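One-letter residues, chain by chain:
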Amino acid sequence: MNSIVARTTLAVIAALAMLSSTVPSSAQQKMAPAAPPAPAVQQAPAAGQPAAQPPAVQAPAPSAAAAPTAASPAAEATAAPAERDKLLKAAAAELRELSPWSMFKSADVLVKAVMIGLAFASLLTWTIFIAKMIEMTVIQRKLRNALKKISDSRSLAEAQFALGAKGSVLSSLLAAAMREARLSAGISSDAGIKERAASSFAEIVRAEARRIRLGMGLLATIGATSPFVGLFGTVWGIMNSFIGISKSQTTNLAVVAPGIAEALLATAIGLVAAIPAVIIYNHFSRVTKGYLELVGRASGAAGRLLSRDLDRTHVGGSHSRAAAE
């Protein structure tokens, strides 16, 4: 009986010991991660058989959607400076091409008309300058030579013979004096003859002044109006430039500069036409004044010759009357 109890007690103790050792190991297995399966041990190949190749390890393929997303910021950062460089190069090329001819070709129709009109006015100014310079030089030299030739003449007939058939204003004055003396033959009033001759001289001088001033009014008009005509073209061109700025919605200088340059070209051409016209007008005003002084001297010379002829006529008449008595 005692042996049976002892055996039962030992069996219970052994069971409890086995149970206590089993419970911790199972808990550890639950908490530890699953270990990867061990690779199968390859058996050595038998003689005459090729060795088995290990399976190739394939890298995971990158996601197609992830690649463009990662590369897009870098691509944009690279494309932005490239686009900016292209714009700057285009603007620089356009600024280099801003010559007066290119600006004229790209200007508005009204601005082109203004530029053409101002260019024609400038051409007309220089044409008048060349023509008047030649004319004034020739007639001044001719009149001075004529005055020298008649300086020693004693009568109208002698003065006409000294001049010859040269068409100068002095020849016209001498012809008017002789015509008045011929028409007033038999009239004893010398004052009336001289007065009528002076009236004829004044008409000839006024006609010569009008003739010599031909073109001066045109120079004055060009000099006075060309800046304002050019300013009108500038205002019109700048107005079109601002309209283009509002349409393009940009204030970049490369976009704004060509239109403003085209507009300012009209003002420049207006000044080119106006400044020489004013200078040439002032120059010919002084030259014309000097020439008209020479014409006045010629008129006085013709009047003096007429007065001498009249006095000789009266002296000859008195001598003839005295001889008759």
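Residues numbered from 1 in each chain as written. Predicted model: local features only at pLDDT ≥ 70, side-chain atom pairs only at ≥ 80, totals over all residues. Heavy atoms only, no water.

> In this structure, what is going on with a positive patch on the surface? I would like to understand it.
Together, R144, K148, R297, R304 and R308 make up a region of like positive charge exposed at the surface. Residue assignment for the positive patch shows that the elements contributing at least two residues are α4 (109-149) and α9 (253-324). If one sorts the elements of the positive patch by residue count, α9 sits on top with three residues. Summarising the element assignment, R304 is placed in helix α9. (Patch = residues over 30% accessible without salt bridge, like charges linked within 9 Å, V, L, I, M, F, W, Y side chains within 5 Å. Areas by Shrake-Rupley, 256 points an atom, 1.4 Å probe, with all protein chains shown as cover. Salt bridge = Lys/Arg side-chain N within 4 Å of Asp/Glu carboxyl O. Lys, Arg positive; Asp, Glu negative; His and termini not counted. Charge placed at Lys NZ, Arg CZ, Asp CG, Glu CD. Helix = DSSP H or I, 4+ residues; strand = E, 2+ residues; numbered from the N terminus.)

> What should I look at first to understand the side chain of K132 in this one?
Structurally, K132 can be placed in helix α4. A polar contact is formed between the side chain of K132 and the backbone oxygen of L214, at a distance of 3.3 Å. When sequence neighbours within four positions are dropped, the list of residues in contact with K132 reads R211, I212, R213, L214 and F284. (Polar contact = N/O pair within 3.5 Å; in protein donor to acceptor, adjacent residues only side chain to side chain. Contact = heavy atoms within 4.5 Å.)

> What is the right way to read the pattern of salt bridges from this model?
Side chains that differ in sign of charge can pair as their charged atoms come close. Summed over all chains, the structure comprises five salt bridges. A salt bridge links K132 to E135; the shortest N-O distance between them is 3.6 Å. With K132 and E135 both in helix α4 and three residues apart, this pair spans about one turn of that helix. Among the residues examined, K132 registers a relative accessible area of 5% and is labelled buried. Here E208 and R211 are joined by a salt bridge, their closest N and O atoms 2.6 Å apart. Linking E208 with R211, this pair stays in helix α7 (residues 190-212), spanning three residues, or about one helical turn. Using a relative accessible area of 10% as the deciding quantity, one classes E208 as buried. Classification of R211 as partly exposed rests on a relative accessible area of 34%. The network of salt bridges with common partners includes K132, E135, E208 and R211. (Buried < 20%, exposed > 50% of the residue type's maximum accessible area, 1.4 Å probe, protein only.)

> Could you clarify how one ought to interpret the nonpolar core in this entry?
The nonpolar side chains of a soluble globular protein tend to be buried with one another. Membership of the largest hydrophobic core comes to 37 residues, with the highest contact counts inside it found for L143, L170, L174 and Y291. Put simply, the parts of the chain that give this core at least two residues each are α4, α5 (156-163), α6 (169-183), α7, α8 (216-248) and α9. Among the elements that make up this core, the one with the highest residue count is α9 (13 residues). Excluding residues within four positions of it along the chain, L143 makes contact with V169, L170, Y291, L294, V295 and A298. (Core = buried A, V, L, I, M, F, W, Y, C linked by side-chain atoms within 4.5 Å.)

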